[in-house]
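Now for the letters of each chain:
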Amino acid sequence: MLDLLDFRPEIIWNYRELFIRGVYYTFILSVAGVAIGLVIGLFAGMAKLSRRAWLRVPAVVYIEFFRGTPLFVQILLIHFAVLPTLLGKAQSPIVSGIVALAVNSGAYIAEIFRAGIQSIARGQMEAARSLGLSHAQAMRYVILPQALRRMIPPLGNEFLIVLKDSSLLSAIAVPELANAGRIVNGALQRPWEAFLTVLVLYLILSLVLSALIHRLEGRLSAGRSG
Amino acid sequence: MLEKRSAPETHEPAAPLISVRGVSKSFGTNRVLKKIDLDVYPQEVVVIIGPSGSGKSTLLRCLNLLETVDEGEIVVDGVRLTDPKTDVDAVRRELGMVFQHFHLFPHMTVLENLILAPMKVRRRPRDAAVADARELLRKVGLADKEDAYPDALSGGQQQRVAIARALMMKPKAMLFDEPTSALDPEMVKEVLDVMKSLAREGMTMVVVTHEMGFAREVGDRVVFMDQGEIVEVGTPEAIFSRPQNPRTQTFLSKIL
Ligand SMILES: Nc1ncnc2c1ncn2[C@@H]1O[C@H](COP(=O)(O)OP(=O)(O)O)[C@@H](O)[C@H]1O
Ligand SMILES: [Mg+2]
């Protein structure tokens, strides 16, 4: 308790550049991870719904693997094993971090896409096909636009989770927020100033993000009546 | 009373637009269509009646390849649908389909619903598609609704939009699957009126319906289906006034 009563705000100020850099990398890695995850998730989600086993089976294996194992260990495997083996040499922690967040969130986003597509009544696809649209055209113009509206809340939720889970990347020394906290505490042995500051910064990021998602939701549902 | 076109017999020398030969279809162990034979001639209106579950919807859906057939042959305008090499999308755009529950695209305005397929499938320029759409909307009495979203429309209005949307592809024939069954009674007439005017213009139509008045007035032939079979085919007059088969008689006695 004494430590907390002795809280020294000037430490935060002195290390502001470290914290700001942390916010920057946390934000950039999360956005990049989710952006790539969206592309992966779209294809994996549609592949899981395919009638063709050669599309469906790999998608199911991918989704189950990344949803069924800890992100922390996935990060270690990707940084120290997968990327060095695939590309011949170790990648920077930032590259590894983006890859790890992308493939992990891609698995969750795939499930969001699958559920969103399946929530659109079968009659919509049939009506589109009966007009002569191909399966791909029906998906693009009829099914996905409707599914996307329903997917905004769960996608926003996934984005918040990625934002918070990106703190695990401090294990491979990505200069993100949690890493900044560890550096400050390591230098000064001041855990309250170091980690409480980091949490408050995560909270601010989350709240800003929630507000943005909320506005997007509002804008999309304003497009049509009822 | 509608001005009736020539009786179907005079079409006989012409090739049928739709020809169904020995078509069977099962869902699992449930044999839903049993060796169906049916020809539909150009400009003919064929009305299919029968109890619920008799396979009427499945037969229509087979014509549009929304279901695959297990056995038999379907030829539409000279193209064998049952041939695996057939371009499914090419066949579908020649047949307009109207569903019981409309299935308008709820995220698009009425106008967007109409122009989507002509633009994407027929590569029709937007201006031309919009002009077609406005003309058709006028025809179905909804010229003032082009900017409305489907859920702002009544059921009858939605179904008229759905008919206009199908007509946008200039189909060779129109398939209707109980187009008025989901409507409040006061809206049935406005949809049937649109269908009647289509028939009058010579559109080839296959209509599944429980509207016996429509069948009598517009139908060239009435097909009675029961338990996956075509039990009896004849002119409306013959089917409704002198049904030959006991199953037809039983069905009609229940609904008339
Ligand atoms: N997709 C389907 N899967 C399984 N059974 C079906 C399917 N569609 C229809 N059936 C069955 O096929 C039979 C005929 O259905 P349907 O063609 O819809 O009849 P109708 O339109 O005359 O009422 C019914 O027993 C129905 O349960
Ligand atoms: Mg039916």
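This one's a predicted model, so the numbers in the text were calculated from it and none came from an experiment.

What counts as what
Residue numbers restart at each chain and count upward from 1, following the sequence in its written direction. Here every chain gets a letter starting at A, and every ligand a number starting at 1, in the order they are written. Where local features are concerned, this predicted model is filtered to residues with pLDDT of at least 70; where side-chain atom pairs are given and counted, the filter is 80 or more; whole-chain, interface and lining totals use all residues. Working from all heavy atoms in the structure, the side-chain values ignore hydrogens and water. By definition, two strands form a pair when at least two bridges between them are found by DSSP. Secondary structure elements follow DSSP: runs of H or I of four or more residues count as helices, runs of E of two or more count as strands, with numbering from the N terminus. Residues count as neighbours in contact if any of their non-hydrogen atoms are within 4.5 Å of one another. The angle between two axes is taken between their N-to-C directions and runs from 0 to 180 degrees, where each axis is a line fitted to C-alpha atoms and a helix contributes only its stretch in contact. UniProt positions are given in the numbering used here, feature names are shortened, and annotations may be inferred rather than shown by experiment. Think of it this way: one heavy atom of a residue within 4 Å of a molecule or strand is enough to make that residue near it. We call two N or O atoms a polar contact when they sit within 3.5 Å, provided that within protein one can donate a hydrogen and the other can accept it, with sequence-adjacent residues counted only if both atoms are side-chain atoms. Using a 1.4 Å probe, accessible areas were evaluated by the Shrake-Rupley method; residue-level cover was limited to the displayed protein chains. Residues are grouped as follows: Ala, Val, Leu, Ile, Met, Phe, Trp, Tyr, Cys and Pro are nonpolar; Asp, Glu, Lys and Arg are charged; all remaining types, including Gly, are polar. Relative accessibility thresholds used throughout: buried, under 20% of the residue-type maximum; exposed, over 50%; partly exposed, between the two (1.4 Å probe, protein chains only). Centre distance within 6.5 Å is the pairing criterion for rings of Phe, Tyr and Trp, where only the six-membered ring of Trp is used; planes under 30 degrees apart are then read as stacked, over 60 as edge-to-face, and the remainder as tilted. The set of buried Ala, Val, Leu, Ile, Met, Phe, Trp, Tyr and Cys residues whose side-chain atoms join them within 4.5 Å is what this entry labels a nonpolar core.

## Section: the sheet that holds strand β5 (residues 79-80) of chain B
All names here are of chain B.
Item 1. As summarised here, the arrangement of the four strands in space is β2-β1-β4-β5, forming an open sheet in which the pairing is antiparallel. In the strand order of this sheet, the two ends are held by β2 (30-40) and β5, each with one partner.
Item 2. Sheet topology places strand β1 (residues 18-27) next to strand β4 (residues 71-76); five bridges connect them, and they run antiparallel. Its bridge partner lying in β4, V20 is registered against I74.
Item 3. Of the strands in this sheet, β1, β2 and β4 touch helix α1 (residues 56-63), which is tilted by about 60 degrees from β2.

## Quick word on the UniProt feature "domain: ABC transporter" (unreviewed entry) in chain B
Item 1. Under the UniProt annotation, the feature "domain: ABC transporter" (unreviewed entry) is placed at residues 18-252 of chain B.
Item 2. From the first C-alpha to the last, residues 18-252 of chain B spans 27 Å; its make-up is 37% helix and 26% strand.

## Concerning the site of ligand 1
Residues and elements named next belong to chain B.
Item 1. Taken together, F27, N30, V32, P51, S52, G53, S54, G55, K56, S57 and T58 form the complete shell of residues around ligand 1.
Item 2. Between S57 and ligand 1, the recorded distance is 2.7 Å, taken from a side-chain N or O atom to an oxygen atom.
Item 3. In the complex, 62% of the free accessible area of ligand 1, which totals 560 Å², lies under the protein chains.
Item 4. Element by element, the count of residues in the shell around ligand 1 is highest for α1, at three residues.
Item 5. When grouped by side-chain class, the residues that make up the shell around ligand 1 number three nonpolar, seven polar and one charged.

## A few points about the pairing of strand β7 (residues 173-177) of chain B
All names here are of chain B.
Item 1. Along β7, five of the five residues are buried, which leaves the element largely enclosed by surrounding structure.
Item 2. Here β7 shows a buried face lined by A173, L175 and D177 and a second buried face lined by M174 and F176.
Item 3. Bridge count for strand β6 (residues 95-98) against β7 is four bridges, and the pairing is parallel. Bridging from a neighbouring strand, L95 pairs with A173 of β7.

## Quick word on the packing of aromatic side chains
Each aromatic ring pair is summarised here by two numbers: the centre-to-centre distance and the angle between the ring planes.
Item 1. The full count for this structure, using the stated rule, is four aromatic pairs over all chains.
Item 2. Ring plane angle 80 degrees and centroid distance 5.2 Å describe the contact between A:Y24 and A:Y25, whose orientation is recorded as edge-to-face.
Item 3. Of the residues examined, A:Y25 reaches a relative accessible area of 21% and is grouped as partly exposed.
Item 4. Judged by centre distance (5.1 Å) and plane angle (35 degrees), the rings of B:F224 and B:F251 are tilted. Taken together, the residues B:F224 in strand β9 (residues 221-226) and B:F251 in helix α9 (residues 246-255) connect sequence positions 27 residues apart.

## So, the UniProt feature "domain: ABC transmembrane type-1" (unreviewed entry) in chain A
Item 1. Those residues carrying the UniProt feature "domain: ABC transmembrane type-1" (unreviewed entry) are residues 23-213 of chain A in this numbering.
Item 2. Measuring from the first to the last C-alpha atom of residues 23-213 of chain A gives 19 Å, for a span that is 83% helix and 0% strand.

## Examining the nonpolar core
Item 1. Judged by nonpolar contacts, the single largest core of 81 residues is most densely connected at B:I18 and B:I74.
Item 2. Here this core takes 13 residues from helix α8 (residues 135-165) of chain A, the largest share from any one element.
Item 3. With residues up to four places along the chain from it excluded, the contact list for B:I74 reads B:S19, B:V20, B:V23, B:C62, B:L63, B:V69, B:V79, B:R80, B:L81 and B:T82.
Item 4. Counting 52 residues, the second-largest nonpolar core is a separate cluster that includes B:V45, B:V140, B:V161 and B:A164.

## Some thoughts on the side chain of B:D226
Residue and element names in this part refer to chain B.
Item 1. Mapped onto the elements of the fold, D226 is located in strand β9.
Item 2. Judged by relative accessible area, D226 falls into the buried class, the value being 12%.
Item 3. A distance of 3.1 Å separates polar atoms of two side chains, one belonging to D226 and the other to R247.
Item 4. Residues contacting D226, with those up to four places away along its chain left out, are P51, S54, V231 and R247.

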